[in-house]
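The residues making up each chain are set out below.
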Amino acid sequence: LRTFSSDSPVDGKSGFAVEMHEMRSVMEDATENSLVLVDELGKGTEMTAGAALAGSILERLDSSRCYGIFATHLHALFDMELDAPNMKEMMMCSENEGGRVRPTLKIADGRSLESLAMTVARDCGMPGSVVNRAEELLGQLRGTGNQGRVTDRGREGEPALCAATAATSDHRVPADLQGAELVLRSVVSHSLSCEPSSLQSIVIEDCKRIRPPPAALKSSCVYIVEREDGLLYCGETDDIRGRLFSHLKEFQRQGLYRMRSVFIPLPESSSGKSSARFCETKVIDQLKAEGYRLLSDKDRSHRFFAGGSR
């Protein structure tokens, strides 16, 4: 059992040095008859280096064929090509209570790509102005603090689309759409067995002016829209521009005039419509598991992919 380590001034060791010593002993002793429980590894140093060490240690434990739980908040592990064939990914479930996401004591298959940091900070009495600013900074770190621009993420270079509207002084990219984009990218890359960096995710901040890049108009897309009231809808389409306009008109009939969207055009190497439907189902399941408020999950019944049932 290895939990969070603290500094040991008497031994002249930082908390990170203590946990490295502890994990060295664990790896030396781990066998197929061992039960290894690891929590919060690699958080006592710079995040990227800590995640890399955590990934390497995870591979070593996997090769020992020991039983165990490796609990971590290091989402960077999902971007690594880990050689851990015996590992199974699971996540802590959450639930929505009056619009607030709360953790539960349940675990389920899948990946959790969101954090409850902002919720916990508010619950602990952190000033609202501080948490709001933290959410803005989080958007910058995740590449979504785009101040009203339509952006093409996942590839280097200039944005695929120009500015849609000028941002107001109190503009904030909604946290739900930020997290939903991470879910979308992760699930699609995992479902298609491709690198997340190879996917082009396109965020449209003002859906009144929808100008997808030409390549997207010819592709099957998986998309998420966020209504003005915060509800999300996930779908798939071969006509992303027409579909988003249809959603916008429907929402306007209900008195909701603002809508944001993120979508991923699937690679030409995928199976088109069948791949899109499969990814749509998986994205809906993951969004529900992470406690997002969905407008509808009726399309999650799509269970057929490339001619085979799942």
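In what follows, the structure referred to is the one given above.
Residues numbered from 1 in each chain as written. Predicted model: local features only at pLDDT ≥ 70, side-chain atom pairs only at ≥ 80, totals over all residues. Heavy atoms only, no water.

> Just to check I follow, could you spell out helix α4 (residues 128–141) for this structure?
Quick reminder: α-helices carry 3.6 residues per turn. Residues three or four places apart thus point the same way. The terminal C-alpha atoms of α4 lie 20 Å apart, and with 14 residues this matches the ideal 20 Å at 1.5 Å per residue to within 8%. Those residues of α4 not exposed but buried are Val131, Glu135 and Gly139. Each buried residue of α4 lies within a common arc of 90° when the element is viewed along its axis, so the set occupies one face. Looking at α4, the residues exposed on the side facing more than 90 degrees away from the buried face are Ser129 and Leu141. (Helix = DSSP H or I, 4+ residues; strand = E, 2+ residues; numbered from the N terminus. Expected span 1.5 Å × (residues − 1). Buried < 20%, exposed > 50% of the residue type's maximum accessible area, 1.4 Å probe, protein only. Arc of directions from axis to C-beta.)

> Before we go on, may I ask you to explain the nonpolar core in this structure?
Soluble globular proteins tend to pack their nonpolar side chains together in the buried interior. With 23 residues, the main nonpolar core has Leu184, Val188, Val222, Ile224, Cys234, Val283 and Leu287 as its most contacted residues. Where this core is concerned, the elements lending two or more residues are α5 (175–191), β7 (221–227), β8 (232–237), β9 (259–265) and α8 (273–289). Among the elements that take part in this core, α5 stands out by supplying 6 residues, more than any other. Setting aside residues no more than four positions away along its own chain, Val283 makes contact with Val183, Leu184, Val187, Val222, Ile224 and Cys234. Ranked by size, the runner-up nonpolar core spans 15 residues in total, among them Val26, Ala54, Leu58 and Leu77. (Core = buried A, V, L, I, M, F, W, Y, C linked by side-chain atoms within 4.5 Å. Contact = heavy atoms within 4.5 Å.)

> Before we go on, may I ask you to explain the packing of helix α1 (residues 15–29) against helix α2 (residues 47–64) in this structure?
Packed helices, taken two at a time, are described by their axes: the angle between them and the distance between them. Look at α1 against α2: their axes get within 11 Å of each other, and the N-to-C directions meet at 15°. The orientation of α1 relative to α2 falls into the category roughly parallel. Once α1 is placed against α2, the crossing between them reads as left-handed. Facing Phe16, Met20, Met23, Val26 and Met27 of α1, the residues of α2 in contact are Leu53, Ile57, Arg60 and Leu61. Across the contact of α1 with α2, the residue classes tally to 8 nonpolar, no polar and 1 charged. (Axes fitted to C-alpha atoms, helices over the stretch in contact; angles between N-to-C directions. Parallel < 35°, antiparallel > 145°, perpendicular 65-115°, else oblique. Left-handed = near helix turned anticlockwise from the far one by under 90°. Nonpolar A, V, L, I, M, F, W, Y, C, P; charged D, E, K, R; others polar.)

> What is the right way to look at the environment of Arg260 in this model?
Inspection of the secondary structure assignment puts Arg260 in strand β9. In this structure Arg260 comes out as buried when scored by relative accessible area, which is 11%. Along the chain, Arg260 and Glu226 lie 34 residues apart, while their C-alpha atoms are 5.2 Å from each other.

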